[in-house]
Amino acid sequence: APAAAPAPGTEPTAPAAPAAAPAKGATLTIPILYLKQQRDINPPLSLLDLAPADDGVAGAKLAIADNNTTGQFLNQSFKLDVFESASVDDLIKAANDAISAGTGFFLADMAPADLLKLSDALAGKPAVIINVGSPDDTLREENCRANLLHTPPTRTMLADAVGQYFAFKQWRNWFLMFGPTPEDKALAEAFRRAAKRFGGKIVDEREFKYESGSRRADGGVEQGQQQISEFTQKAK
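Described in the following lines is the structure provided in the data block. (Residues numbered from 1 in each chain as written. Predicted model: local features only at pLDDT ≥ 70, side-chain atom pairs only at ≥ 80, totals over all residues. Heavy atoms only, no water.)

**Notes on the packing of helix α2 (residues 88–100) against helix α3 (residues 112–121)**
- Interaxial distance between α2 and α3 falls to 10 Å at its minimum, and their mutual angle equals 35 degrees. Here the hand of the crossing between α2 and α3 comes out right-handed. When α2 is examined against α3, the residues Val-88, Leu-91, Ile-92 and Ala-95 are found in contact with a partner set consisting of Asp-114, Lys-117, Leu-118 and Ala-121.
- Looking at the contact of α2 with α3 residue by residue, the class counts come to six nonpolar, no polar and two charged. (Axes fitted to C-alpha atoms, helices over the stretch in contact; angles between N-to-C directions. Helix = DSSP H or I, 4+ residues; strand = E, 2+ residues; numbered from the N terminus. Left-handed = near helix turned anticlockwise from the far one by under 90°. Contact = heavy atoms within 4.5 Å. Nonpolar A, V, L, I, M, F, W, Y, C, P; charged D, E, K, R; others polar.)

**Quick notes on helix α1 (residues 57–71)**
- Counted at 1.5 Å a residue, the expected span for α1 with its 15 residues is 21 Å, and the 20 Å between its end C-alpha atoms agrees.
- Taken together, the buried positions of α1 are occupied by Val-57, Ala-60, Ile-64 and Gly-71. Viewed end-on, α1 has its buried residues packed into an arc of 55 degrees, placing them on one side of the element. Residues of α1 that are exposed and point over 90 degrees away from its buried face: Leu-62 and Asp-66.
- Where α1 is buried, its residues contact β1 (28–37), β2 (76–85) and β3 (105–109). (Expected span 1.5 Å × (residues − 1). Buried < 20%, exposed > 50% of the residue type's maximum accessible area, 1.4 Å probe, protein only. Arc of directions from axis to C-beta.)

**Regarding the packing of aromatic side chains**
- This structure, assessed with the given rule, holds four aromatic pairs.
- Between Tyr-165 and Trp-171 the ring centres are 5.7 Å apart and the planes differ by 85 degrees, which places this aromatic pair in the edge-to-face class.
- Residue classification places Tyr-165 among the partly exposed positions, given a relative accessible area of 45%.
- Between Phe-166 and Trp-174 the ring centres are 5.1 Å apart and the planes differ by 90 degrees, which places this aromatic pair in the edge-to-face class.
- Linked through ring pairs, Tyr-165, Phe-166, Trp-171 and Trp-174 together constitute an aromatic cluster.
- Its guanidinium or amino end placed over the ring of Phe-178, Arg-192 lies 5.5 Å from that ring's centre, counting from NZ or CZ. (Phe/Tyr/Trp six-rings, centres within 6.5 Å; stacked < 30°, edge-to-face > 60°. Lys NZ or Arg CZ within 6 Å of the ring centre and 35° of its normal.)

**Quick notes on the sheet that holds β1**
- Ordered in space as β2-β1-β3-β4-β5, the five strands form an open sheet in which the pairing is parallel. Since the sheet does not close on itself, it has two edges, and those belong to β2 and β5 (148–150), each with one partner. Taking each pair of neighbouring strands and ignoring which way they run, the sheet shows an average axis angle of 25 degrees.
- Sheet topology places β1 next to β2; ten bridges connect them, and they run parallel. Opposite Leu-28, over in β2, you have Gln-76 as the bridge partner.
- On top of the sheet, α1 reaches β1, β2 and β3; it is set at about 170 degrees to β2, its chief contact. (Pairing = 2+ DSSP bridges.)

In structure tokens form, the structure reads like this:
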């Protein structure tokens, strides 16, 4: 995300430097801490689509292994540690302990409000936090923090991509369906914004209330073939 002006009285800080420069030819080890918040997340429509317990962490470990393959030619080594907890206070404590031990980079998979608490707790310290788990738009807008970077696209970015494709195809009339959760409604608002930006017109919109993880049809066939087809009848 574009860098925003730091809050009054604060300045962005760089990750902690090694205590001493490594000798010529020696390997520089760069520690990274993955902070994964254990959260209650709505199950998918089908129980076949449940996310694995190490979702996100597995990808980070794969990236570390890949970077260490090429890093050996640059005398660089990346070390990944993982800390998981449902408590934001525990996550903040783990981050502070890691900073004291020389870690300056943090991957944070956390709820937006708790991610801001972490960012504020580490403000002014030699730490860079990388958001890897939240598409919330406010984290890059009114709640932007100088020490917080982002990898996931926001809901607005995703909706704008769809809007641009619709404009290219000249599909001007849109039928908007959205789910019952706050996240669903935030995405719906992003699509409303995209419609205005790219010349679309939402001619009909409906909230689809569903029961996740239906054990009557674990494959999702009942959801897709019956409920959705009935739900979309008589659309404008």
